[in-house]
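Examination of the molecular architecture
Residues per chain are reported as follows:
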Amino acid sequence: MNMREQVKRLWKLCFHDTDDFVDLYFRMRYTDEINSAVEVDGQVVSALQRIPYPMTFLGTTVPTAYVSGACTHPAYRGRGIMRRLLDEAHRKMFNQGVCFSTLIPAEESLIAYYARSGYTVCFRQQEKLLTVGELPVDNSNHILEIKKIDLFKSLPERIVSFACEQLSRQSCCILHTPADWQVIVADHRLDGGDLWVMEDSGRVRALVLCKFDEDRLTVKELLADTEEAACFLERSLLRQYGVSALIRVLPAGPDEGYALGMLRLIQVEEVLRLYAARYPELSWALEVTGDEAIPENNGCYLLEHGTCRKMQVEGRVYERCTLVVLAGRLLAGERPVMNLMLN
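In short, a report on the structure.

Here is what the cut-offs are and how they apply
Residues numbered from 1 in each chain as written. Predicted model: local features only at pLDDT ≥ 70, side-chain atom pairs only at ≥ 80, totals over all residues. Heavy atoms only, no water. Salt bridge = Lys/Arg side-chain N within 4 Å of Asp/Glu carboxyl O. Helix = DSSP H or I, 4+ residues; strand = E, 2+ residues; numbered from the N terminus. Buried < 20%, exposed > 50% of the residue type's maximum accessible area, 1.4 Å probe, protein only. Axes fitted to C-alpha atoms, helices over the stretch in contact; angles between N-to-C directions. Parallel < 35°, antiparallel > 145°, perpendicular 65-115°, else oblique. Left-handed = near helix turned anticlockwise from the far one by under 90°. Contact = heavy atoms within 4.5 Å. Nonpolar A, V, L, I, M, F, W, Y, C, P; charged D, E, K, R; others polar. Expected span 1.5 Å × (residues − 1). Phe/Tyr/Trp six-rings, centres within 6.5 Å; stacked < 30°, edge-to-face > 60°. Lys NZ or Arg CZ within 6 Å of the ring centre and 35° of its normal. 1 Å grid on protein atoms, 1.4 Å probe; cavity = no way out; pocket = protein on both sides within 12 Å on 5 of 7 lines; lining within 4 Å. Points joined across faces, edges and corners; volume = space filled by probe spheres on them.

Digging into the pattern of salt bridges
By the definition in use, this model includes 23 salt bridges. Here Lys-8 ties to Asp-23 by a salt bridge, and the two come within 2.8 Å at their closest N and O atoms. Separated by 15 residues along the polypeptide, Lys-8 in helix H1 (residues 3-14) and Asp-23 in helix H2 (residues 19-28) bring together distant segments of the chain. By relative accessible area, Asp-23 is classed as partly exposed at 32%. For Arg-205, the salt bridge identified is with Asp-225, shortest N-O distance 2.6 Å. Of this pair, Arg-205 sits in strand E9 (residues 203-213) while Asp-225 is found in the loop between strand E10 (216-224) and helix H7 (227-241), placing the two residues 20 residues apart along the sequence. The class of Asp-225 is partly exposed, set by a relative accessible area of 23%.

Digging into the packing of helix H8 (residues 268-278) against helix H9 (residues 323-330)
Their axes nearest at 12 Å, the elements H8 and H9 cross at an angle of 25°. Overall, the two elements H8 and H9 adopt an arrangement that is roughly parallel. Crossing handedness for the pair H8 and H9: left-handed. Between H8 and H9, the contacting residues are Val-268, Val-271, Leu-272 and Tyr-275 on the first element and Leu-323, Leu-326, Arg-329 and Leu-330 on the second. Among the residues making up the contact of H8 with H9, the classes are represented as seven nonpolar, no polar and one charged.

Overview of H7
Between its first and last C-alpha, H7 extends 21 Å over 15 residues, near the 21 Å set by a 1.5 Å rise per residue. Among all positions in H7, only Ala-229, Ala-230, Cys-231, Leu-233, Glu-234, Arg-235, Ser-236, Leu-237, Leu-238 and Tyr-241 are buried. For H7, the secondary structure elements touched by its buried residues are strand E5 (120-131), strand E6 (144-148), strand E8 (194-200), E9, E10 and strand E11 (245-251). In the stretch just after H7, Gly-242 is the one whose phi turns positive, near 65°.

Observations concerning the environment of Ile-34
Tracing the sequence through the fold places Ile-34 in the loop between H2 and strand E1 (35-40). Residue classification places Ile-34 among the buried residues on the basis of a relative accessible area of 14%. Residues contacting Ile-34, with those up to four places away along its chain left out, are Arg-29, Leu-48, Gln-49, Arg-50, Ile-51 and Pro-52.

Focus: the packing of aromatic side chains
Taken as a whole and judged by the stated rule, the model has 14 aromatic pairs. Judged by centre distance (5.4 Å) and plane angle (75°), the rings of Tyr-113 and Tyr-114 are edge-to-face. The rings of Trp-11, Phe-15, Phe-21, Tyr-25, Phe-26 and Tyr-30 are connected pair by pair, giving a single aromatic cluster. We note Arg-189 situated over the ring of Phe-152; from NZ or CZ to the ring centre the distance is 4.8 Å.

Comments concerning the layout of surface pockets
For the second largest pocket, the calculated volume is near 480 Å³. If you go around the second largest pocket, you meet 28 residues; those closest to its centre are Glu-221, Leu-222, Leu-223, Arg-248 and Leu-250. Secondary structure elements with two or more residues in the lining of the second largest pocket: E5, helix H5 (157-168), E10, H7 and E11. Take the lining of the second largest pocket: its biggest share by element is five residues, from E5. When the residues that make up the lining of the second largest pocket are grouped by side-chain class, the tally is 16 nonpolar, five polar and seven charged.

Put into structure tokens, the structure is as follows:
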């Protein structure tokens, strides 16, 4: 049995996904190149995948890796295998120039577990109930066309381009490539969802991924070029499904909503270089400690005049930071966005 089939069998043992979803994941997302695994006597007993995603950060786009499918055979749990596998995965990410690792804990109890490997909650979401009375009326004269997209066909290029462009405009956001969008649509179809697009004279103005289930309309993602276009599409959805309210899944700030995703710094010096360039007025001396998997990250850094230097200046007081504390500081002014991750 090859590696793919062994990891797939382990996935089915550890998770409760449908066969259709597992087949989709291993057909469209899994590759041996992004897989990390531990074998005992020729049998895969623990595995995870490092899925590459670009991410907007401080006015640029950086490479990240999303840890997916992290699991260990029940008979081998409690031995520290996954912790070692994560360390190995982080080392591979570092060697590949990845700036951040991200993941979504399968359950809340795992937040503390991943924190021991340097992760901290940075991505939060909230659900907002919108009623028809709360949506402003659009009195414009645009010729707007709302249509449902056939999810059994490949997503048209113009729609993919619009979606990619809208996400890239957000300041701190996990991006989806054109290939990712085809996977997202396939997963959304399996989940029984719909995709609607709003066009103005043939130009895409907005799109929405939503699901209608037992009189509950949930909008999982809505991308629009203006707030007016978003409101028009929301009103149209209420009419299409014959409901008076919908639920929007939205990114949330630090004290809002619920925890969704976690982030770990992989390339500390590169991230601090970007941070120093973005805030040239900053003068900050810090000492990063506690990264056992990537000891190159540990050490003293001096951020001044828009540059970052890994150095220790005699007489200078350095603020001690763990990876968890540092990530929180670096993203404190952002509202990081993570959505549609097949979680």
